[in-house]
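Chain and residue survey
For reference, the chains in residue letters:
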Amino acid sequence: MAAKLRKSILPHAVLILFSFLFLFPFLWLVMTSLKTPDEIFQLPPNLLPDTFQWSNYAAALETIPFARYMTNTLIICAVNIVGQLFAAPLVAYSISRIPWKGRGIIFSIVVATMILPAQVQLIPQYIIFTKLGWVNTIMPLTIGAFFGAPFFIFLLRQFLMGVPTELSEAAKIDGASEIRIYIRIILPILKPALVTVALFSFVWSYVDFMGPLIYLNDSAKWTITLGLQGFQQDHGAQWEKLMAASTIMTLPMIVLYFFGQKYFMQSGSALTGFK
Amino acid sequence: MKVSSSISQSKQKRSWSKKERHTFLLGLVFAAPWIIGFLAFTVYPFFSSLYFSLTEYDLFSSPKWVGLNNYKQIFEDESFYRSLRNTLFMTFIAVPITLIVSLLIALLLNTKVKGINYYRTIFYLPSVIPIVASALLWTWMLNPDFGLINTLLRSLGLPDPAWLLDPQYTKPSLILMSLWGTGAGALIFLAALQGVPKQYYEAAQVDGANWWHRFWNITIPGLSPIILFQLIMGLIGSFQIFTESYILAGGKVDGGKSLGGPDQSLLFYAVNLYQEAFVYLKMGYASALAWILFILVLFITFVLMKTSARWVYYGGD
């Protein structure tokens with residue numbers, strides 16, 4: 001009995017310790033964002049500020065054109081979601097449900113490109129986009145979505161492989177065209193997986209730093225990641241404002257995570273099918 | 001006579017029925033977005049970067065053919081070797097460390113404790129923080145004078161390194177930050193752990209195998225495909241480290257100073273490539289770097305896959 005109890009207490013103790021380690025940086029982020037400069041440079045530091053300086057948030061939002069950066073970012077996110085939702089399921093459908101010669105090759109290449117480092121294509125892509133006059137526009141950061149990201153195609157294909165084909169077979173016998181089957185049957189079946197695609201597509205565009213760094217030179221077009229980095233360069237030592245800005249930037253991700261947790265986890269289990 | 005008949009026969013075999021052709025076209029049409037994108041944004045750039053790697057090109061004047069000169073220069077360039085050393089440090093030290101820690105967390109989470117869903121939520125949480133924000137937070141926590149980490153170390157009477165200001169400690173700083181994000185990897189391991197057949201453990205228990213034997217002979221082989229997968233992803237990831245380095249090093253490119261932090265200790269492969277291409281506008285030189293990157297990643301992946309036959313166990317599903 002005692003041994004059994006000990007057996008269950010130990011994992012809990014370690015898990016609680018780990019939870020504390022994982023959560024403490026968040027607490028520190030938020031508490032720093034609510035301190036006065038004096039409290040920030042106080043040694044030893046206190047965890048809690050004397051009074052919560054909510055004005056740091058207003059100050060942070062005034063120091064940089066936060067609303068503009070956020071708008072720019074959300075536009076890029078939205079276009080990417082539309083693009084991925086258009087292209088990825090089409091391709092996934094083709095390589096999982098249409099028995100055509102060549103789908104095996106396409107699938108192998110899709111998987112291979114998942115591990116191809118983006119840097120290899122980076123420079124010629126930049127040269128192409130420069131020649132097209134697309135530098136300083138959102139085009140280089142969104143056009144790729146309309147061709148379907150390999151990871152999403154893979155995810156949707158795995159999902160479709162696990163779904164029985166009876167429904168679409170029956171529709172085919174009834175003489176429904178492939179397009180009709182795709183829109184009426186496949187897309188509704190794919191819905192939960194499409195939510196995952198939209199979610200990850202949003203997250204990737206939202207957190208992207210290198211893409212905007214390369215393509216958006218004009219600070220009026222900056223995204224939130226570039227804006228935050230610019231903030232660091234210009235006001236590096238104002239930690240309370242910098243942490244306030246970081247908190248605001250992180251908030252949408254946390255909200256998304258709490259509402260869409262099962263979709264975040266889904267991608268993990270999809271990857272375990274990837275042997 | 002005989003020959004021609006066999007040819008016509010095989011031709012007949014090869015020529016498609018109307019239905020087959022229809023299916024082929026249909027498949028092609030549905031896959032068209034990806035195929036077009038693949039040709040335009042992967043295949044074409046892939047080969048044109050090979051061409052650019054043999055030229056000198058600054059975007060403003062047309063590319064000038066220089067043969068293998070860029071490659072020759074790269075192998076004499078101190079920054080290249082430094083970036084490669086820094087990157088390989090991450091590949092062979094940071095990747096295994098994060099892998100082991102995430103496996104340990106997964107094992108902990110797999111111990112059928114109550115409230116596992118809360119723990120899972122907490123452990124995954126840091127992984128959803130944008131890298132720019134978490135790098136800024138860690139820059140603050142690792143501040144040598146006022147940061148949380150050094151305050152703790154000092155109160156315990158331990159040495160307090162200058163972390164991001166000391167070239168010896170910049171990469172450990174980066175590892176510390178990446179350990180914060182191990183929850184995502186842990187959940188992938190957890191999903192795989194739950195897929196290891198229970199009968200194996202029961203049989204081993206009957207045979208009186210101890211914890212270590214069960215771990216080493218059942219858990220590790222059962223997880224080996226995922227370990228290989230995470231190793232390959234980690235390897236490729238280490239060659240793509242960019243944002244963390246850029247922010248932790250302060251992201252300044254001023255007065256001829258280069259990216260990569262103190263003593264270029266955070267100058268990783270992708271950072272060096274970015275710098276050559278977009279700071280110095282040496283597009284030809286950077287294309288050569290990209291090709292070397294491609295060959296390196298291909299080579300290491302190949303070696304991993306080859307040796308994996310010896311330790312990766314693909315059980316039947």
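Note that the structure is predicted; figures quoted are calculated from it, not measured. Each chain has its residues counted from 1, running along the sequence as written. Here the convention is simple: chains get letters from A, ligands get numbers from 1, in the order in which they are written. Under the rules for a predicted model, residues below a pLDDT of 70 receive no local features and side-chain atom pairs below 80 are neither given nor counted, while totals for whole chains, interfaces and linings still include all residues.

Quick notes on the overall build of chain A
- For the purposes of this entry, the term helix denotes a DSSP run of H or I that reaches at least four residues, the term strand denotes a run of E that reaches at least two, and both are numbered from the N terminus. When its secondary structure is counted, chain A shows 14 helices and zero strands.
- Using C-alpha atoms as the atom set, the radius of gyration is obtained and then compared with a globule rule of 2.2 Å times the number of residues to the power 0.38. Radius of gyration (C-alpha) of chain A: 24 Å, far over the 19 Å computed for a compact globule of 275 residues.
- With respect to the three principal axes, the spread of C-alpha positions in chain A is 75 × 70 × 30 Å.
- We call a residue exposed when 12 or fewer other C-beta atoms sit within 10 Å of its C-beta, buried when the count reaches 20 or more, and partly exposed for counts in between; the C-beta positions come from the backbone. The proportion of buried residues among the 275 residues of chain A is 42%.
- Placing a C-beta atom from the backbone of each residue, one calls two residues in contact when those atoms lie within 7 Å. Long-range pairs, those at least 24 residues apart, make up 74% of the contacts in chain A between residues at least 6 apart in sequence.

As for the overall build of chain B
- Counting its regular elements, chain B contains 14 helices and two strands.
- Its C-alpha atoms give chain B a radius of gyration of 26 Å, more than 25% over the compact-globule value 20 Å for 317 residues.
- Principal-axis analysis of the C-alpha atoms gives chain B an extent of 95 × 70 × 35 Å.
- Taken over 317 residues, chain B has a buried fraction of 36%.
- Here the analysis covers contacts within chain B between residues at least 6 apart in sequence; of these, 69% occur between residues at least 24 apart.

Digging into helix 6 (residues 119–131) of chain A
- In this model, helix 6 of chain A (13 residues) spans 19 Å end to end at C-alpha, consistent with the 18 Å of a helix rising 1.5 Å per residue.
- Every buried residue of helix 6 of chain A is listed here: Gln119, Val120, Gln121, Leu122, Ile123, Pro124, Gln125 and Tyr126 of chain A.
- For helix 6 of chain A, the secondary structure elements touched by its buried residues are helix 11 (210–215) of chain A together with helix 2 (18–52), helix 13 (269–279) and helix 14 (283–311) of chain B.
- Directly after helix 6 of chain A, the chain includes glycine 133 of chain A, whose backbone phi takes a positive value near 75°. In a helix, the anticipated span is given by 1.5 Å times the number of residues less one.

A short note on the packing of helix 9 (residues 166–173) of chain A against helix 10 (residues 178–207) of chain A
Residue and element names in this part refer to chain A.
- Orientation is described by axes fitted as lines to C-alpha atoms, over the contacting stretch for helices, and by angles from 0 to 180 degrees between their N-to-C directions. Two elements in contact, helix 9 and helix 10, have axes whose closest approach is 10 Å; the angle formed by their N-to-C orientations is 150°. Here helix 9 lies roughly antiparallel to helix 10, going by the angle between them. The interaxial crossing formed by helix 9 with helix 10 has right-handed handedness. For the pair formed by helix 9 and helix 10, the contact residues are Leu167, Ser168, Ala171 and Lys172 on the first element and Ile181, Ile185 and Ile186 on the second.
- Per-class residue counts for the contact of helix 9 with helix 10 are five nonpolar, one polar and one charged. Angles are sorted into four bins: roughly parallel if under 35 degrees, roughly antiparallel if over 145, roughly perpendicular if 65 to 115, and oblique for all others. In this scheme the handedness of a crossing depends on how the near helix is turned from the far one: anticlockwise by less than a right angle means left-handed, clockwise means right-handed. Polarity classes work like this: nonpolar for Ala, Val, Leu, Ile, Met, Phe, Trp, Tyr, Cys and Pro, charged for Asp, Glu, Lys and Arg, and polar for all others, with Gly in that last group.

Digging into the interface of chain B and chain A
- On the chain A side, the residues contacting the 77 residues of chain B number 78 residues.
- Take the side of chain B that touches chain A: its biggest share by element is 19 residues, from helix 2 of chain B.
- Looking at the side of chain B that touches chain A residue by residue, the class counts come to 59 nonpolar, 17 polar and one charged.

Observations concerning the domain arrangement of chain B
All names here are of chain B.
- Domain parsing of chain B yields domain 1 (18–70) and domain 2 (72–311).
- Reported domain spans reflect what an automatic or database domain assignment gives. Each of domain 1 and domain 2 has a C-alpha centre, and the two are 31 Å apart.
- Between domain 1 and domain 2, the residue contacts involve 13 residues of the former and eleven residues of the latter.
- Looking at the side of domain 1 that touches domain 2 element by element, the count peaks at three residues for helix 2.

So, unusual backbone geometry
- Here the amide bond leading from leucine 43 of chain A into proline 44 of chain A is cis, since omega sits at -10°, within 30 degrees of zero.
- Positionally, proline 44 of chain A belongs in the loop between helix 2 (37–40) and helix 3 (55–63).
- With a phi angle near 80°, leucine 59 of chain B is a residue other than glycine that sits in the positive phi range.
- Along the chain, leucine 59 of chain B falls in the loop between strand 1 (55–56) and strand 2 (64–65).
- Phi at aspartate 263 of chain B is positive, roughly 50°, even though this residue is not glycine.
- By the C-beta count within 10 Å, which is 12 here, aspartate 263 of chain B ends up exposed.

Some points on the confidence of the model for chain A
- A score between 0 and 100, pLDDT records how confident the predictor is in each residue. Residues with a pLDDT of 70 or more make up 94% of chain A, whose mean pLDDT is 89.
- When pLDDT is averaged over each element of chain A, helix 7 (residues 139–142) of chain A comes out on top at 96 and helix 14 (residues 261–272) of chain A at the bottom at 67.

Quick notes on the environment of glutamate 244 of chain B
All names here are of chain B.
- Turning to its location among the elements, glutamate 244 is positioned in helix 12 (residues 243–248).
- Here the alpha-carbon distance between glutamate 244 and serine 62, two residues 182 residues apart in the chain, equals 34 Å.
- Not counting the four nearest positions on each side in its chain, glutamate 244 is found in contact with Ile131, Ala135, Leu174 and Met177.

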